[in-house]
Structures are given as structure tokens and as C-alpha cells.
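# Close look at the chain arrangement
Chain residues, written in single-letter form:
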Amino acid sequence: MDINIKDEVAALNLGKKIKQLRTLRGFTLQAVSDLTGLSKPLLSQIENNIAAPPIATLIKISTALGVKISHFFQDHSMDHSRIAVVRKDQRYGVKKLSHHNYSSDIGYRYQSLAYPMADKQMEPFIAEIESRRDDELLYNNHVGEEFMFLLEGQLEFRTAKQSHVLNEGDAIYFDSSIPHAVRGVGEIAKILVIVFTPRS
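Report on the accompanying structure. These figures come from a predicted structure and were not determined experimentally.

This part is about helix H4 (residues 55–64). With eight of its 10 residues buried, H4 lies for the most part within the structure. Turning to H4, its buried residues are Ile 55, Ala 56, Thr 57, Leu 58, Ile 59, Ile 61, Ser 62 and Ala 64. Positive phi shows up at Gly 66, right after H4, with a value of about 75 degrees.

This is the structure in C-alpha cells:
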């Protein structure tokens, strides 16, 4: 995946947008922690751009704050139309960030493919999923459903009870409230991810 300057800019602004919205809502970190099940230290690291949140974590935060995940990828100064075209060099994304001894390695990078569209139920991303050991797998879950289509490489999809290996051209659709993890097999896997979240 081509990582351009917008990738880093978006990653650095994400925490600020979350903090601004939390403050606007009058929520403390503890309140957001209670609503999401995420720890206060993790939320603080996200707000201070030390930790890059996985998609599932960002969905939990957006739900607690009463917005769609797309809120954090939008340029709120733009006039939003009902048609969104995002050119390859205009993608906003989140990559791994680290700070001192803390590593916020979430095991993948992702870029939003439809950030100009406001109030949508579907959120498409391109993601690069790294290869990792069993003890490094990060299980996530959130309200909604997900669709993944493997563009390149080989991907392992895991739940507590199942494991599926996807090859290029394979797809998987699942209830994302089930804790799940993904990893590249042998090398980085590139996927199209579409996250569906119900309207609040």
C-alpha cells in the first residue's frame, strides 16, 4: 500500500478529533471507558496520538460519542454530497505509531475509501495485514457486520472456535460482534474491508 503524507496527518489528527468530540459531549475519559470497555490509559494514548486505534476500537469510541466512524475521517469544512469519489492519492489512513517504550502496533494499517460521504452505514477500507505469531493476535469485536475480500497474499481469519485461510480472490462475511482476529500468512496480506454498522 502506498503510504503518503495524508496517512501520517490523519493518524496524528485522529486523537485530536476524538478528544474534541468527547469534550464537546461533556464526557470524561472514565465515562467513555465505561461506555466502551476500553481502559482510560488506552483512551488517553489514542487521544494523544500515541496509540493508533484498530477499526473495531474506533467504532466503539464513535458509538459511545454518538457518531459514525466516518466522522473521524471527514474534513468537516467540506460540502458533503451524496456521491463520494476518493482518488488513490487522497486516501486517509492510520499506520503504526510508537512512542518511547510503548508500541501501538495493531498488526495492520488501514485507509478510508469513502471519508467524504457523511452519515453512511457502510465504511470501506483498504488494509494491509501483517504476519504475526499466535500470542500477538489482537482479537476485536464491535456491533455490526464485516465483509473482507482478499486482494493480495494469504490471510488467516480466526475466532475462538474457527480458523479460515483465505487466498487471493476469496471473501468472508461475518457478524463482527464475534471476537475475531486476522493475520497475514507468511507475508503482508492486502484486503478490502467493508464495515457495516446499524444506524444509531
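Among the eight residues that make up strand S11 (residues 189–196), six are buried, leaving the element largely enclosed by the rest of the structure. Pairing geometry for strand S5 (residues 122–129) and S11, over eight bridges, is antiparallel. Among the inter-strand pairings, Glu 128 is bridged to a residue of S11, identified as Lys 190.

This part covers the environment of Asn 49. When you line up the elements, Asn 49 lands in the loop between helix H3 (40–47) and H4. Separated by 34 residues in the primary sequence, Asn 49 and Gly 15 place their C-alpha atoms 5.2 Å from one another.

Bringing the packing of helix H2 (residues 29–36) against H3 into the picture now. A pair of packed helices can be characterised by two numbers: the angle between their axes and the separation between those axes. As a packed pair, H2 and H3 sit with axes 9 Å apart at the nearest point and diverge in direction by 115 degrees. Taken together, H2 and H3 sit at an angle that is classed as roughly perpendicular. In the packing of H2 onto H3, the handedness of the crossing is right-handed. Of H3, the residues touching H2 (which contributes Leu 29, Gln 30, Val 32, Ser 33 and Thr 36) are Lys 40, Leu 43, Ser 44 and Glu 47. Broken down by class, the residue content of the contact of H2 with H3 amounts to three nonpolar, four polar and two charged.

It is possible for side chains bearing opposite charge to pair when their charged atoms get close. Taken as a whole, this structure holds nine salt bridges when the rule is applied. For Glu 123, the salt bridge goes to Lys 120, with nearest N and O atoms at 3.4 Å. Summarising the burial analysis for this pair, Glu 123 and Lys 120 share the class buried. We note a salt bridge from Glu 156 to Arg 183, for which the minimum N-O separation is 2.7 Å.

This brings us to the nonpolar core. Counting residues in hydrophobic clusters, the biggest one holds 36 residues, and the most contacted among them are Tyr 110 and Leu 155. Those residues in contact with Leu 155 that sit more than four places away from it in its chain are Ile 129, Met 148, Leu 150, His 164, Val 165, Leu 166, Val 182, Arg 183, Gly 184, Val 185, Ala 189 and Ile 191.

Before going further, it helps to examine H2. Those residues of H2 that sit buried are Leu 29, Val 32, Ser 33 and Thr 36. Buried residues of H2, viewed axially, fall in a sector of 105 degrees; they line one side. The outward face of H2, more than 90 degrees from its buried face, is lined by the exposed residues Asp 34 and Leu 35. Positive backbone phi, approximately 80 degrees, marks Gly 37, located one or two places after H2.

Analysis parameters
- By convention here, each chain's residues receive numbers from 1 onward along its written sequence.
- Reporting of local features is limited, given that this is a predicted model, to residues whose pLDDT is at least 70; pairs of side-chain atoms are given and counted only at 80 or more, and all residues count toward the totals for whole chains, interfaces and linings.
- By convention in this description, side-chain values take in all heavy atoms of the structure and omit both hydrogens and water.
- Categorising residues by exposure relies on relative accessible area from a 1.4 Å probe, with only protein chains included: less than 20% of the type maximum marks a residue as buried, more than 50% marks it as exposed, and the intermediate range marks it as partly exposed.
- Starting at the N terminus, helices and strands are each numbered in turn, a helix being any DSSP run of H or I of at least four residues and a strand any DSSP run of E of at least two.
- By the convention used here, strands pair only if DSSP detects at least 2 bridges between them.
- A fitted line through C-alpha atoms serves as each axis, taken over the contacting stretch for helices, and the angle formed by two N-to-C directions is quoted from 0 to 180°.
- Roughly parallel here means an angle under 35 degrees, roughly antiparallel means over 145, roughly perpendicular means 65 to 115, and every remaining angle is called oblique.
- The crossing is said to be left-handed when, going from far helix to near helix, the turn is anticlockwise and less than a right angle, and right-handed when the turn is clockwise.
- Contacts are assigned to residue pairs with any non-hydrogen atoms lying within 4.5 Å of each other.
- Gly is placed with the polar residues, together with every amino acid not listed as nonpolar (Ala, Val, Leu, Ile, Met, Phe, Trp, Tyr, Cys and Pro) or charged (Asp, Glu, Lys and Arg).
- Throughout this description, the term salt bridge denotes a Lys or Arg side-chain nitrogen within 4 Å of a carboxyl oxygen of Asp or Glu.
- We call a set of buried residues a nonpolar core when its members are Ala, Val, Leu, Ile, Met, Phe, Trp, Tyr or Cys and they connect through side-chain atoms within 4.5 Å of each other.
- The arc in question is formed by the directions pointing from the helix axis toward the C-beta atoms.

As far as function goes, none of this settles anything; it's purely spatial.
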